[in-house]
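# Notes for the structure review
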Amino acid sequence: MKVVQWIKRIVLYLIGLFIIGLGVNVSLKSDLGVSTNNALPLVISKKLPFLSLGNWVTVVFCAFVLLQLILLLKDFKWYYVFQVVASLFFGLFVDLGEIVLAFLPSPELYILRILYSLIAVLLIALGIMIYLECEVMSLPAEGVAVALSKKTKLSVPTCKLIFDVFSTLLAVIFSFIFFGTLVGVREGTVMIAIGVGPVMKLLSKVLKKPIRLFLYGNEQKEKEIVQEEQITSEE
């Protein structure tokens with residue numbers, strides 16, 4: 001049974017990463033900016049196009065794993081290296097998403113570009129919620145946030161915000177160095193940064209129970225969810 005559960009978790013985890021990859025590509029077509037963690041790979045890919053965007057995502061995310069090693073040193077767990085595998089799959093899905101969405105036109109009307117950004121928010125939120133529920137392996141950006149939290153004693157969400165701002169600033173700096181203007185960071189970046197969290201909460205209310213039921217297929221997990229909801233409502 002545990003083998004079957006693990007297979008389900010890994011498959012659904014990969015589906016979640018693929019959905020995020022689709023969201024990245026929809027945001028690309030909006031031309032209003034991508035998410036904070038993908039802005040830097042996008043800037044680099046436009047300057048050094050001998051690698052695809054997905055490949056640069058993998059390279060940058062692997063650098064995030066190295067950053068965790070530097071921050072944690074002896075506290076770096078050996079299994080954190082599997083974030084490199086997750087990065088490889090995510091980079092692959094970013095490139096695959098470009099192929100899947102090749103039919104989708106890049107809109108000229110600003111209102112349609114805003115709509116694309118909103119769709120990107122929905123897809124990214126859905127993908128993150130799914131992959132987190134699988135409890136397989138976080139992506140490196142989240143890993144850096146956890147590492148920062150351990151070192152600074154700040155909360156993980158606070159450290160995630162700090163690292164997102166840092167990643168975005170790096171993208172802005174390299175953008176001006178390479179092109180003399182902003183690339184990949186615009187109002188869509190802000191929409192994704194602000195919108196993903198609330199949308200994830202809404203989706204979780206609807207999808208968390210069926211996802212857990214699919215993954216574990218027993219009443220114990222359902223009871224845990226009910227207990228969590230009771231605690232939340234009491235608070």
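Here is what the cut-offs are and how they apply
- Residues numbered from 1 in each chain as written.
- Predicted model: local features only at pLDDT ≥ 70, side-chain atom pairs only at ≥ 80, totals over all residues.
- Heavy atoms only, no water.
- Core = buried A, V, L, I, M, F, W, Y, C linked by side-chain atoms within 4.5 Å.
- Buried < 20%, exposed > 50% of the residue type's maximum accessible area, 1.4 Å probe, protein only.
- Helix = DSSP H or I, 4+ residues; strand = E, 2+ residues; numbered from the N terminus.
- Contact = heavy atoms within 4.5 Å.
- Phe/Tyr/Trp six-rings, centres within 6.5 Å; stacked < 30°, edge-to-face > 60°.
- Lys NZ or Arg CZ within 6 Å of the ring centre and 35° of its normal.
- Salt bridge = Lys/Arg side-chain N within 4 Å of Asp/Glu carboxyl O.
- Axes fitted to C-alpha atoms, helices over the stretch in contact; angles between N-to-C directions.
- Parallel < 35°, antiparallel > 145°, perpendicular 65-115°, else oblique.
- Left-handed = near helix turned anticlockwise from the far one by under 90°.
- Nonpolar A, V, L, I, M, F, W, Y, C, P; charged D, E, K, R; others polar.

Moving on, we get to the nonpolar core. Counting residues in each nonpolar core, the largest one holds 54 residues, and the members touching the most others are Leu17, Phe90 and Val196. Listing elements by their share of this core, those giving two or more residues are α1 (2-30), α2 (36-47), α3 (53-72), α4 (82-100), α5 (110-134), α6 (140-152), α7 (156-179) and α8 (187-216). Sort the elements by how many residues they give to this core and α5 lands first, with 11 residues. If we skip the residues at most four places from it in the chain, valine 196 touches Val121, Ile124, Ala125, Ile128 and Met191. Counting 5 residues, the second-largest nonpolar core is a separate cluster that includes Val65, Leu72, Phe76 and Tyr80.

Following the criterion strictly, the structure yields 14 aromatic pairs and no others. Each ring, one from phenylalanine 61 and one from phenylalanine 90, has its centre 5.7 Å from the other, and the planes form 10 degrees; the classification is stacked. Highlighted residues: phenylalanine 61 in helix α3 and phenylalanine 90 in helix α4, separated in sequence by 29 residues. Owing to a relative accessible area of 3%, phenylalanine 61 belongs among the buried residues under this scheme. For phenylalanine 90, a relative accessible area of 2% gives the class buried. When the ring of tryptophan 78 is compared with that of tyrosine 79, the centres are 5.8 Å apart and the planes differ by 85 degrees; the resulting orientation is edge-to-face. Looking at tryptophan 78, the relative accessible area reads 64%, which means it is exposed. Counting every residue linked through ring pairs, the aromatic cluster contains Phe61, Phe64, Phe90, Phe163 and Phe166. For the cation-ring pair, arginine 9 lies above tryptophan 6, with the distance from its terminal atom to the ring centre recorded as 4.1 Å.

Another aspect to go through is the pattern of salt bridges. For the structure on display, the rule yields 6 salt bridges. Between arginine 212 and glutamate 133 there is a salt bridge, and its shortest N-O distance comes to 2.8 Å. Here arginine 212 is found in helix α8, whereas its partner glutamate 133 is found in helix α5, with 79 residues between them in sequence. Residue glutamate 133 is classed as buried on the basis of its relative accessible area of 10%. Salt bridges here are not isolated pairs; linked through shared partners, they connect Glu133, Glu135 and Arg212.

What follows deals with the packing of α5 against α8. Working note: a packed helix pair is described by the angle between its axes plus the distance between those axes. Close contact between α5 and α8 brings their axes to 6 Å; oriented N to C, the two are set at 40 degrees. On the basis of the axis angle, α5 is oblique to α8. Handedness of the crossing formed by α5 with α8: right-handed. Each residue belonging to the contact of α5 with α8 can be placed in one class, and the counts come to 23 nonpolar, 4 polar and 4 charged.

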